[in-house]
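These are the residues of each chain, in order.
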Amino acid sequence: MLTILPGAPIRADTDAPIVRGRWHPSATLDDMLRSAPPGSPYHRLGRTERHRWWRPLVGTVALAASALVVVCLIFGVAAVVAELTDRPYDADGLPAFGPIPDAALPVASFALLLPLVLGAAWLVQRRPAGTVSSVLGRLRWGWLGRCLLIATPLIIVMLVGADLLLGLTDDSSIVDPAATWVGGPEFAAGLVMVLLLVPFQAAAEEYAFRGWLLQAVSAYLRSPWPAIALQAVLFAAAHGWGTGWGFLDLAFMGLLLGWLTIRTGGLEAAIALHVVNNVIGFALAAAFGGLAVDETMADAPWQLVLVDILMLSAYAMVVDRLAARRGLATVVPPAPVVGVPGEPSAPTGPELKLPDVGVESRG
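Residues numbered from 1 in each chain as written. Predicted model: local features only at pLDDT ≥ 70, side-chain atom pairs only at ≥ 80, totals over all residues. Heavy atoms only, no water.

A.B. asks: So what's going on with the environment of Asn277? Which residues, and what values?
C.D. replies: As for its placement among the helices and strands, Asn277 is situated in helix α9 (residues 268-287). Given the relative accessible area of 26%, Asn277 is considered partly exposed. Excluding anything up to four places from it in sequence, Asn277 contacts Ile155 and Met158. (Helix = DSSP H or I, 4+ residues; strand = E, 2+ residues; numbered from the N terminus. Buried < 20%, exposed > 50% of the residue type's maximum accessible area, 1.4 Å probe, protein only. Contact = heavy atoms within 4.5 Å.)

A.B. asks: Explain the pattern of salt bridges to me, using residue names and the numbers behind them.
C.D. replies: Applying the stated criterion to the full structure yields three salt bridges. Residue Glu268 is joined to Arg140 by a salt bridge in which the shortest nitrogen-to-oxygen separation is 2.8 Å. Linking Glu268 in helix α9 with Arg140 in the loop between α4 (113-123) and α5 (141-169), this pair joins segments that are 128 residues apart in sequence. By the burial criterion, Glu268 is buried, and Arg140 matches it. Residue Arg210 pairs with Glu206 through a salt bridge whose shortest N-O separation is 2.7 Å. You can see Arg210 and its partner Glu206 sitting in helix α6 (residues 184-218), four residues apart, about one turn around the helix. (Salt bridge = Lys/Arg side-chain N within 4 Å of Asp/Glu carboxyl O.)

A.B. asks: Which residues make up the side chain of Arg55, and what values go with them?
C.D. replies: Along the chain, Arg55 turns up in helix α2 (residues 55-84). Engagement of the side chain of Arg55 in a polar contact is seen with the backbone oxygen of Val124, the distance being 2.6 Å. Sequence-distant contacts of Arg55, that is, excluding residues within four places in its chain, are made with Arg50, Val124, Gln125 and Arg126. (Polar contact = N/O pair within 3.5 Å; in protein donor to acceptor, adjacent residues only side chain to side chain.)

A.B. asks: An account of unusual backbone geometry is needed here, citing residue identities and associated values.
C.D. replies: Unlike most non-glycine residues, Asp86 shows phi in positive territory, near 60°. Among the structural elements, Asp86 can be located in the loop between α2 and α3 (99-111). When its relative accessible area of 69% is taken as the criterion, Asp86 is described as exposed. With phi around 60°, Arg126 is a residue other than glycine that occupies positive phi space. You can see Arg126 is positioned in the loop between α4 and α5.

A.B. asks: Which residues make up the packing of aromatic side chains, and what are the values?
C.D. replies: Scanning all chains against the criterion turns up three aromatic pairs. Centre to centre, the rings of Trp181 and Phe187 are 5.2 Å apart; their planes meet at 50°, and the pair counts as tilted. Taking the centre distance of 5.4 Å and the plane angle of 75° together, the rings of Phe209 and Phe235 count as edge-to-face. With a gap of 26 residues between them, Phe209 in helix α6 and Phe235 in helix α7 (residues 225-238) connect regions that are remote in the sequence. In this pair, the class of Phe209 matches that of Phe235, namely buried. (Phe/Tyr/Trp six-rings, centres within 6.5 Å; stacked < 30°, edge-to-face > 60°.)

A.B. asks: Lay out α9 in plain terms, naming residues and giving numbers.
C.D. replies: For α9, spanning 20 residues, the distance from its first C-alpha to its last is 28 Å, which sits close to the expected 28 Å at 1.5 Å a residue. Across the 20 residues that make up α9, a large majority, 15, are buried. Positive phi appears at Gly289, one or two residues downstream of α9, with a value of about 70°. (Expected span 1.5 Å × (residues − 1).)

A.B. asks: Give a detailed account of a negative patch on the surface, specifying residues and quantitative values.
C.D. replies: On the surface, Asp90, Asp92, Asp176, Asp294, Glu295 and Asp299 cluster together into a negatively charged patch. Residue placement: Asp90 occurs in the loop between α2 and α3. (Patch = residues over 30% accessible without salt bridge, like charges linked within 9 Å, V, L, I, M, F, W, Y side chains within 5 Å. Areas by Shrake-Rupley, 256 points an atom, 1.4 Å probe, with all protein chains shown as cover. Lys, Arg positive; Asp, Glu negative; His and termini not counted. Charge placed at Lys NZ, Arg CZ, Asp CG, Glu CD.)

Following this line, the structure appears as structure tokens:
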């Protein structure tokens, strides 16, 4: 229930209704009605006063259709450029410009999911786009930075451990033994592409699966587990069908990050792990000429999967403990009590509460 004093000023001069874990004093009543009620967990942020049964469904269809249009436009422009510059086509019928541009095209296509997800939340569900980020209605940059610091050494240890285990059991490596250093200029060009595009690509996947899908399904169900399971399976399937071990690893990652998103009240922990994992992986590929390789984590052998599952579990435990110690907000913060105009301070007492304005209580 929102608590607004009779005659309280409702200002509309802010674009940040929630600041430092609480509603901004100048938040409008419309801000509050378009957001989930106080006490709502992350997976229920799509369940606002303006929720209707059809909004998550229409939003999902619109998101999928707009993503398809964007991909067609990107590759359509690439095909036109290839024809004008007389470039060859690869075995899949796609224009071939070289390892770096060829890797950049699909990465950029995935990255553009990010504004599409935010647009679907705002245009179709009629809620603040920032509520896909966290229960505070924005991305918590400080918390994201801490999660990046936790994820980076764990990903490095995972890669080293997987490489050692592969060498002991299969006489192989995570890097093709026949691969050679591409040279400074080519590596620098590839690294620039990786740093400019891959963080957005990884974040976009989190916004699509742990963000939109998790919240869209949970708009109908109070328990988050059906949504967590569904998005984990779809996340694994979206990476292609490789080995059974690879699918298991991706599904486990989806499950764990879905759980961690709800436990921490936002996408920051999932984004941090995904960004570090992808940036390091793409950087290694750029260094040893692997950007043109089509293999993904879906093709992972059991050795890599075993070490990765241990790393994912360790990451979730550390982040969960740190979030608890810091008292990180995991539900929508309480609504403000706004003072009566002309009064030196806002009085307190039950007489100041208005009747329920119709916002669904936490559930």
